[in-house]
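Chains, contacts and geometry: an overview
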There are 10 protein chains.
Amino acid sequence: MPDPGLLTAFPTPTDSAIVIEHIAEEFTSTCPLTGHPDFGTVTLRYQPAPRAAPAGQRGCVELKSYKLYLHSFRNEGIFYEAVTDRIRDDLARLLTPAWLQIVTNWRGRGGIRSVIRADHGPVPAEYRGSL
Amino acid sequence: MPDPGLLTAFPTPTDSAIVIEHIAEEFTSTCPLTGHPDFGTVTLRYQPAPRAAPAGQRGCVELKSYKLYLHSFRNEGIFYEAVTDRIRDDLARLLTPAWLQIVTNWRGRGGIRSVIRADHGPVPAEYRGSL
Amino acid sequence: MPDPGLLTAFPTPTDSAIVIEHIAEEFTSTCPLTGHPDFGTVTLRYQPAPRAAPAGQRGCVELKSYKLYLHSFRNEGIFYEAVTDRIRDDLARLLTPAWLQIVTNWRGRGGIRSVIRADHGPVPAEYRGSL
Amino acid sequence: MPDPGLLTAFPTPTDSAIVIEHIAEEFTSTCPLTGHPDFGTVTLRYQPAPRAAPAGQRGCVELKSYKLYLHSFRNEGIFYEAVTDRIRDDLARLLTPAWLQIVTNWRGRGGIRSVIRADHGPVPAEYRGSL
Amino acid sequence: MPDPGLLTAFPTPTDSAIVIEHIAEEFTSTCPLTGHPDFGTVTLRYQPAPRAAPAGQRGCVELKSYKLYLHSFRNEGIFYEAVTDRIRDDLARLLTPAWLQIVTNWRGRGGIRSVIRADHGPVPAEYRGSL
Amino acid sequence: MPDPGLLTAFPTPTDSAIVIEHIAEEFTSTCPLTGHPDFGTVTLRYQPAPRAAPAGQRGCVELKSYKLYLHSFRNEGIFYEAVTDRIRDDLARLLTPAWLQIVTNWRGRGGIRSVIRADHGPVPAEYRGSL
Amino acid sequence: MPDPGLLTAFPTPTDSAIVIEHIAEEFTSTCPLTGHPDFGTVTLRYQPAPRAAPAGQRGCVELKSYKLYLHSFRNEGIFYEAVTDRIRDDLARLLTPAWLQIVTNWRGRGGIRSVIRADHGPVPAEYRGSL
Amino acid sequence: MPDPGLLTAFPTPTDSAIVIEHIAEEFTSTCPLTGHPDFGTVTLRYQPAPRAAPAGQRGCVELKSYKLYLHSFRNEGIFYEAVTDRIRDDLARLLTPAWLQIVTNWRGRGGIRSVIRADHGPVPAEYRGSL
Amino acid sequence: MPDPGLLTAFPTPTDSAIVIEHIAEEFTSTCPLTGHPDFGTVTLRYQPAPRAAPAGQRGCVELKSYKLYLHSFRNEGIFYEAVTDRIRDDLARLLTPAWLQIVTNWRGRGGIRSVIRADHGPVPAEYRGSL
Amino acid sequence: MPDPGLLTAFPTPTDSAIVIEHIAEEFTSTCPLTGHPDFGTVTLRYQPAPRAAPAGQRGCVELKSYKLYLHSFRNEGIFYEAVTDRIRDDLARLLTPAWLQIVTNWRGRGGIRSVIRADHGPVPAEYRGSL
């Protein structure tokens, strides 16, 4: 079951704006209707809160904790749109980033591939458009 | 015969704006002049109406119903432009989306490949241009 | 319905051995169980009977007739293996070639792609193996 | 000899704006200096005049007539730039489109490939830049 | 847990020798040491027993049953080599084929990709070598 | 009209066996039935007669003469098989090579690509099979 | 030694704005420090001065003269940046174009590839960014 | 240990604005937590200070010194973000460029690839977005 | 320093012959002459000794131990040929396999890429040739 | 001018048979007829004489000396076949290898690419065929 409690963060290591992108090519969950597995790629992009952010703001997601968090979807029956929304919300809550974007790219079923994009905050133009 | 009655929708699962893209790589219809089969890829992109949309507004197209709808063009004699227009209009009517775009990409005949793009509503710049 | 009567042949234009390969990338039939469309590539390879072949032996398949023959599978409910066998048998009967090979390559369903190979006569080693 | 009389048009089948792209990958003409053949790809993009266009405005180019028109350059001795200009002018005159663009992409000679782009009317930003 | 009881077969539809290949690109199991998921492609190739095979010999694996069988490895902790061996043995027992081959191709960990090949019976030379 | 008189040869520059391959990616002729242009790649491979060959044996084809010879097919109405045969015969007559092979690879029509292979003399195994 | 005197121009063949791009994939010069050869691709893009340009303004670079000009760098010891600047300046002086751009793309040494871009005049946004 | 003292610069060779890009595809450092090696590509892009820059401003990084500087990270235990920041800061201090950008692209661990982008000064839009 | 003591093996899990291939794409060592880093891919292929092998024979290399062993070359000054030989000898000694092969594929220096292949025992034909 | 005196060798570092391949992708010479530059890739493959070879037999070519040797063709007017022969002969004389092979692959002129292969001694089957 998706478990945001697995996620940990560490302080942004710099005062200047950086953009971080993690591309997880081995995501799997299951279809809530048929129980069949779904396979896809999850791309996370964000600009972390600055190092000098106010108390309560976090920085960067720790990569191994993010991997385990993605693994926690493995046997969850959940739609494409809900996966995308859930990951965005869990990470936005954890990181309080300047902006954040999730793009999920699914291998598909029955000859149809799908891409879902969900943004949080002012995602710059150069990171919009499908992956 | 193309049958929009095959299409079903489900409510948008989130209040925040998302973009959904379905790429059907196995579309086929027939040429109304020669009866020869045409083969192409149909890309549907849209931003669904928000969850809290007024009554009468729908949300997201159900993927299996969309697949069957595309199959209903199989033996229809219909031009490239008309396929593109028809799919856009049927889905716009079903979904009342914030915006919607259809791009059809045809393998072509006689050494000429074709791409047709039809937009509905304010398609953002990052989703314009050919596929 | 698959119709071998659509096929026509013309005499091999040379006395020396040649190998001919036709790759049809836009084949479609339907699944006999679900009625869903199948899409694939059909590769035909053969060495035609020599120009001086005995009476009753034919030469090369006429390309347009072959295209129309492949189209005749469009709405046939037929398994991958049967498509492959049928095309091999129909062409071997038509052409009485030195050897002939059919390889069908299917886009697949549920994450599994399939390739079926059926040979007729002594196919040389360099044309064996999957496509 | 290039013959715009081969081109025919049909009325735009829709009132909403669409973009049409035809990519002819097998164009050939000859070099007016050396007589050697030139090979290239000709991409035509345009937004047709609306269905309700005033009298005298045409709509979409008929695909087979366009193919024959391109074939009429086969033995013409003509420079890259002139091919590009000529096709743009002939089609703009035929179609009176909202905008139209021709991009020719040449395999080249002596290790130099060339691309020529010619626009007619207000080509949108997303269709500018070389192919 | 891997369950060969999910597999079903159907009689070979032809008397002539054919070769069948199914490429499952979405296989996943877990590492028995770390519990982390493994992802890979499973390629099955075989020449089915002839239609006129003696009693007790089976023919071709039914594709949907094969898919469900592969899904049954999803939460199994099992090494690469054991996955490969197990699939070969389960299918050889089911199908009594002329020959059969399993090649597993793993995305890998720590910068090392792996391929495992296991043969049953006289696999022809053209199907040997890694995928 | 195809003109073998355009071809010239020069003596093989070495006594040891070499293999020469020329890949002409811009070949065009026309269809004798429809007059439409055909486009393809012509691959010539051969082992030239040794430098010390008996009188009357030639060596290597001069590259510019070969290019002009290929150009002479430009407006010829001729089938794929006949193009392949003709080039093989013209070059074999010119060069008296140890062996020679022509493979033509056509972009195709109506969704079917074609490859034709014609050998002269004992072409080694490593140069057989389709291109 | 780089010789702009090799360059010749011809009048722009049209009054409407066109964009011309020549991609020379076989450029070579030498490193002024080590004498080792450098290999790269030189891309020239420009919008020529209009046909009705004032006296003293030129049009389009003649392609063969451009090729010979590029060859004149062959044994010149010259840095990447200086090659790029020099070609831009020589062509801008020759052509007095609306704008012009040179992008050099070097295969590199010691595991580092390099790209240098030099603009002249108002290069449009769609032609900026690396090649 | 990363050593900016290895870096040397040379004066910008031109007064006009140019953009320089160096793509180092063989970067390696180590993970500060596990000691395992990390592998990635480091892309440096910048517009050098003009030739006529005030005293104290430098121009272009010397390529061999840059290579040795990158090598100095080989056995450093350092996070992705810190590598990116460090290279940007060291080069910005050395070169006082108009703008400068570092994009690091990591092969990744556990199925997740990462990209980090760090800008210095007004990086133009056409060089934003991940590589 | 290369340390075969890092390598561990486990018993072959099957009696039937299997082939195992591990492709390590992130190998690095250093040049013994210049101290510059070398980067390459190391492919290990082998048929393990059978499960019922005589005492003293080992089975399969444990993957994590192999990874650490490859890491131990990181700061070793060693030629391409010696790397290849060394890995082959260390693994052959550890595993006493039916046969074993190492292919190293180096990104190269000064525009020259290199591949080195070293075999142990009767490597089957289908695994010979360059990678 | 091609200078075999630039080549140096070092003793084969092993008693067991290895195969070495060097792929030089940046070769250039000039056409003896036109003076125009030719560009290509030179692949050298060989099995060196064993370490315990009789006096007078050499081992492996030193890579930097080989690079300089290839550079010495830069301004030589020489045909494709002669380049290939010359490199084979110079290296065979230097190394007295078990076998040796040169394959040159030329970017070509006038739309025709060329490949020349020259063998010395018993080149194994898996290294024959064009690159």
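Residues numbered from 1 in each chain as written. Chains lettered and ligands numbered in written order. Predicted model: local features only at pLDDT ≥ 70, side-chain atom pairs only at ≥ 80, totals over all residues. Heavy atoms only, no water.

1. Quick word on the relation of the copies chain H and chain G
Mapping chain H onto chain G is achieved by rotating through 72° and translating by 0.0 Å along the same axis, at an RMSD of 0.0 Å. Such a combination of rotation and displacement between the chain copies is what one expects of a five-fold axis. Distance from the rotation axis, computed per C-alpha, reaches its smallest value in chain H at H:Glu126: 7.3 Å. (Least-squares fit on C-alpha atoms with pLDDT ≥ 70 in both.)

2. Some thoughts on the packing of aromatic side chains
Applying the stated criterion across every chain yields a total of 66 aromatic pairs over all chains. Ring centres 5.4 Å apart and planes at 35° place the aromatic pair J:Trp99 and J:Tyr127 in the tilted group. Of this pair, J:Trp99 sits in strand S5 (residues 99–109) while J:Tyr127 sits in the segment after strand S6 (112–120), and the two are 28 residues apart along the sequence. For J:Trp99, a relative accessible area of 2% corresponds to the buried category. Classification of J:Tyr127 as buried rests on a relative accessible area of 3%. Ring pairing ties together the aromatic residues I:Phe27, I:Tyr66, I:Tyr69, I:Phe73, I:Tyr80 and I:Trp106, which thus form one cluster. (Phe/Tyr/Trp six-rings, centres within 6.5 Å; stacked < 30°, edge-to-face > 60°. Helix = DSSP H or I, 4+ residues; strand = E, 2+ residues; numbered from the N terminus. Buried < 20%, exposed > 50% of the residue type's maximum accessible area, 1.4 Å probe, protein only.)

3. With respect to the confidence of the model for chain A
Residues of chain A with pLDDT of at least 70 account for 95%, and the chain-wide mean is 91. Reported for the predicted complex are a pTM of 0.94 and an ipTM of 0.92. (pLDDT = per-residue confidence, 0-100.)

4. Looking at the interface of chain H and chain G
Across the boundary between the two partners, chain H contributes 21 residues, which contact 17 residues of chain G. Roughly 1700 Å² is buried in total at the junction of chain H and chain G, and carbon and sulfur atoms are behind 51% of that figure. At the surface where chain H touches chain G, the tally comes to 3 salt bridges. A salt bridge links H:Glu25 to G:Arg113; the shortest N-O distance between them is 3.2 Å. Taken together, the links from chain H to chain G amount to 10 residue pairs in polar contact (both at pLDDT 80 or more). Listed by contribution, the elements that provide at least two residues to the side of chain H that touches chain G are strand S2 (18–30) and helix H1 (63–71) of chain H. The element that contributes the greatest number of residues to the side of chain H that touches chain G is S2(H), accounting for 9 residues. Residues belonging to the side of chain H that touches chain G are distributed by class as follows: 12 nonpolar, 3 polar and 6 charged. (Contact = heavy atoms within 4.5 Å. Buried area = accessible area lost by both parts, 1.4 Å probe. Salt bridge = Lys/Arg side-chain N within 4 Å of Asp/Glu carboxyl O. Polar contact = N/O pair within 3.5 Å; in protein donor to acceptor, adjacent residues only side chain to side chain. Nonpolar A, V, L, I, M, F, W, Y, C, P; charged D, E, K, R; others polar.)

5. Comments concerning the interface of chain A and chain H
On the side of chain H, 17 residues touch chain A, which itself brings 21 residues to the contact. Carbon and sulfur atoms supply 51% of the area buried between chain A and chain H, which totals about 1700 Å² over both sides. Interface area lost by chain A to chain H is led by A:Glu21, A:Ile23 and A:Glu126, which between them contribute 28%. Here chain A and chain H share 3 salt bridges between them. One salt bridge in this structure joins A:Glu126 and H:Arg117, with 3.7 Å as the shortest N-O distance. If you look at where chain A meets chain H, you find 10 residue pairs in polar contact (both at pLDDT 80 or more). Residue assignment for the side of chain A that touches chain H shows that the elements contributing at least two residues are strand S2 (18–30) and helix H1 (63–71) of chain A. Examining the composition of the side of chain A that touches chain H, we find that 9 residues originate from one element, S2(A), more than from any other. Here the side of chain A that touches chain H is built from residues that sort into 12 nonpolar, 3 polar and 6 charged. The pairing of S2(A) with strand S6 (residues 112–120) of chain H spans 7 bridges and is antiparallel. The residue bridging A:Ile20 from the neighbouring strand is H:Ile116, located in S6(H). (Pairing = 2+ DSSP bridges.)

6. What to know about the pairing of strand S3 (residues 37–47) of chain H
Residue and element names in this part refer to chain H. Most of S3 is tucked away, with 10 of its 11 residues classed as buried. Here S2 runs beside S3; their pairing, made up of 9 bridges, is antiparallel. In the strand pairing of S3, Ile20 is matched with Tyr46. Between S2 and S3, which follow one another and run antiparallel, lie 6 residues, and Gly35 among them has a positive phi close to 80°.

7. Section: the packing of helix H1 (residues 63–71) of chain J against helix H2 (residues 80–95) of chain J
Residues and elements named next belong to chain J. Running from N to C, H1 and H2 cross one another at 145°; their axes reach a closest spacing of 12 Å. Our pair here, H1 against H2, has a crossing hand that is right-handed. On the side of H1, the interface is formed by Tyr66, Tyr69 and Leu70, while H2 contributes Arg86, Ile87, Asp90 and Leu91. Class assignment for the residues of the contact of H1 with H2 results in 5 nonpolar, no polar and 2 charged. (Axes fitted to C-alpha atoms, helices over the stretch in contact; angles between N-to-C directions. Left-handed = near helix turned anticlockwise from the far one by under 90°.)

8. Regarding the side chain of G:Asp90
Following the sequence through the fold, G:Asp90 ends up in helix H2 (residues 80–95). For G:Asp90, the side chain forms a polar contact with the side chain of G:Tyr69, separated by 2.7 Å.

9. Some words on the pattern of salt bridges
Under the criterion given, the structure shown has 120 salt bridges over all chains. The residue A:Arg88 makes a salt bridge to A:Asp89 at a minimum N-O spacing of 3.3 Å. One connected set of salt bridges, linked through shared partners, spans A:Glu25, A:Glu26, E:Arg107 and H:Arg113.

10. Remarks on helix H1 (residues 63–71) of chain F
For H1(F), the full list of buried residues reads F:Ser65, F:Tyr66, F:Lys67, F:Tyr69 and F:Leu70. In this structure, the buried residues of H1(F) make contact with strand S2 (18–30), strand S3 (37–47), strand S4 (60–61) and helix H2 (80–95) of chain F together with S6 of chain J. Near the N-terminus of H1(F), the side chain that reaches the backbone nitrogen of F:Lys64, with its oxygen 3.3 Å away, is that of F:Glu62.

11. A short note on the state of the cysteines
One pass over the structure, following the stated rule, counts 0 disulfides over all chains. With no disulfide partner, G:Cys60 has as its closest neighbouring cysteine sulfur the one in D:Cys31, 15 Å distant. (Disulfide = S-S within 2.5 Å.)

12. Observations regarding the pairing of strand S5 (residues 99–109) of chain A
Residue and element names in this part refer to chain A. For S5, a buried count of 9 out of 11 residues is recorded, marking the element as mostly surrounded by other parts of the structure. Here 8 bridges tie strand S3 (residues 37–47) to S5, and the two strands are oriented antiparallel to one another. Bridge assignment links Tyr46 to a residue of S5, and that residue is Leu100. Examined bridge by bridge, S5 and strand S6 (residues 112–120) share 8 bridges and lie antiparallel to one another. For Thr104, the partnering residue across the bridge sits in S6 and is Ile116. Counted between consecutive antiparallel strands, the loop separating S5 from S6 contains 2 residues, among which Gly110 sits at a positive phi close to 60°.

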